[in-house]
Amino acid sequence: MTTDARRPFTRLQRTTVIQGMLAFCLILVVSQLWLLTASMNAYLGGDDSVVWPAAAASACCLLLNVGLLRYLYHLDRARS
Amino acid sequence: MTDPTPVRPVQEPDEITIAPDWRPMRLQPAWRNDFPVDGPQEQYVERREFMKFMVLTSLALAVGQIWIAVENVWRHARGQPEVRPVATLDQVPPGGVLTFAYPGPHDDCILIRPRDHALVAYSQKCTHLSCPVQPRVEEDVIRCPCHEGLFDLRSGRPIAGPPRRALPVVRVEIRGNQIVATGVEVRTL
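Note that the structure is predicted; figures quoted are calculated from it, not measured.

Draft legend 1. Examining the interface of chain B and chain A more closely. Counting residues at the interface gives 29 residues for chain B, matched by 38 residues for chain A. The element contributing the most residues to the side of chain B that touches chain A is helix 2 (residues 39–78) of chain B, with 22 residues. Looking at side-chain class alone, the side of chain B that touches chain A contains 14 nonpolar, eight polar and seven charged residues.

Draft legend 2. Up close: the environment of B:Glu148. When you line up the elements, B:Glu148 lands in the loop between strand 6 (141–144) and strand 7 (149–152). C-beta crowding within 10 Å serves as the criterion here: with 10 such atoms nearby, B:Glu148 is assigned to the exposed category.

Draft legend 3. Structural view of helix 1 (residues 11–44) of chain A. Residues and elements named next belong to chain A. For helix 1, built from 34 residues, the straight-helix expectation of 50 Å at 1.5 Å per residue is met to within 8% by its first-to-last C-alpha distance of 49 Å. Within helix 1, the full set of buried residues consists of Arg11, Arg14, Thr15, Ile18, Met21, Cys25, Leu28, Gln32, Leu35, Leu36, Ser39 and Tyr43. Positive backbone phi, approximately 90°, marks Gly46, located one or two places after helix 1.

Draft legend 4. Representation of the confidence of the model for chain B. Counting all residues, the mean pLDDT for chain B is 87, and 92% of those residues have values of 70 or more. For this predicted complex, the interface confidence reaches an ipTM of 0.89, while the overall pTM sits at 0.76.

Draft legend 5. Helix 2 of chain B, seen in detail. Residue and element names in this part refer to chain B. Across its 40 residues, helix 2 extends 58 Å between first and last C-alpha, which sits within 8% of the 58 Å expected from 1.5 Å per residue. Here helix 2 has its buried residues at Tyr44, Arg48, Met51, Val55, Ser58, Leu61, Ala62, Gln65 and Ile68. Taken from the residues just after helix 2, Gly79 is the one with a positive phi, measuring 75°.

What counts, and where the lines are drawn
Residues numbered from 1 in each chain as written. Chains lettered and ligands numbered in written order. Predicted model: local features only at pLDDT ≥ 70, side-chain atom pairs only at ≥ 80, totals over all residues. Contact = placed C-beta atoms within 7 Å. Helix = DSSP H or I, 4+ residues; strand = E, 2+ residues; numbered from the N terminus. Nonpolar A, V, L, I, M, F, W, Y, C, P; charged D, E, K, R; others polar. Buried ≥ 20, exposed ≤ 12 C-beta atoms within 10 Å, placed from the backbone. Expected span 1.5 Å × (residues − 1). pLDDT = per-residue confidence, 0-100.

Right under this line is the structure:
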């Protein structure tokens, strides 16, 4: 018996995949929110050593989220 | 002789409509058959749209973070404010308080002269939500009336209430009879 590797996900499989992606995305967004509050507090307190590392980390989180969004569009295209 | 049972075509799982409450379609009200909303598909679309919104939120947070970094560059580019006299010693007797603007005309500061301590000067903006703080020399505290925040008068550090950061210190020197402001120092604690 052979299986087609390119067979699109079923409806329930897609829902499971998107739930996993959403959970990961939420973790990244909460991390970004924490980074923003922590670095804003440090910046207002005159400690600017964390400003650029925090900006880089937040940009990495955004890139990961954009990657997930691209995969989401890919899922939608594979279905249609 | 023909078979009495009708042959029904086999349906793929994705072609079967599942009602949003997951009960079989035969138990659904009649209108549901006319307007069949597919439960799993609806769930998928809801999560997809929520995820798009979360990515937009992520973009907003990243932009905010970069804005802090850019502000930091501007702060370094501005450098320390100019050294300039803000008052004379006669204007601040022991136990007295004077307000002045430094470094800009809208940066209100307070100059305090406790009876047994040298001059101290702080920004008047509370580090919680920027309300103007009020010194109480007799109690050795600086109070924020908006949310009952208290700062230590001699160090400017928060001692009660919602503020978590110390008041920015305005460095002052006495030159003859003049009180001269030489810079501002922001502090985390």
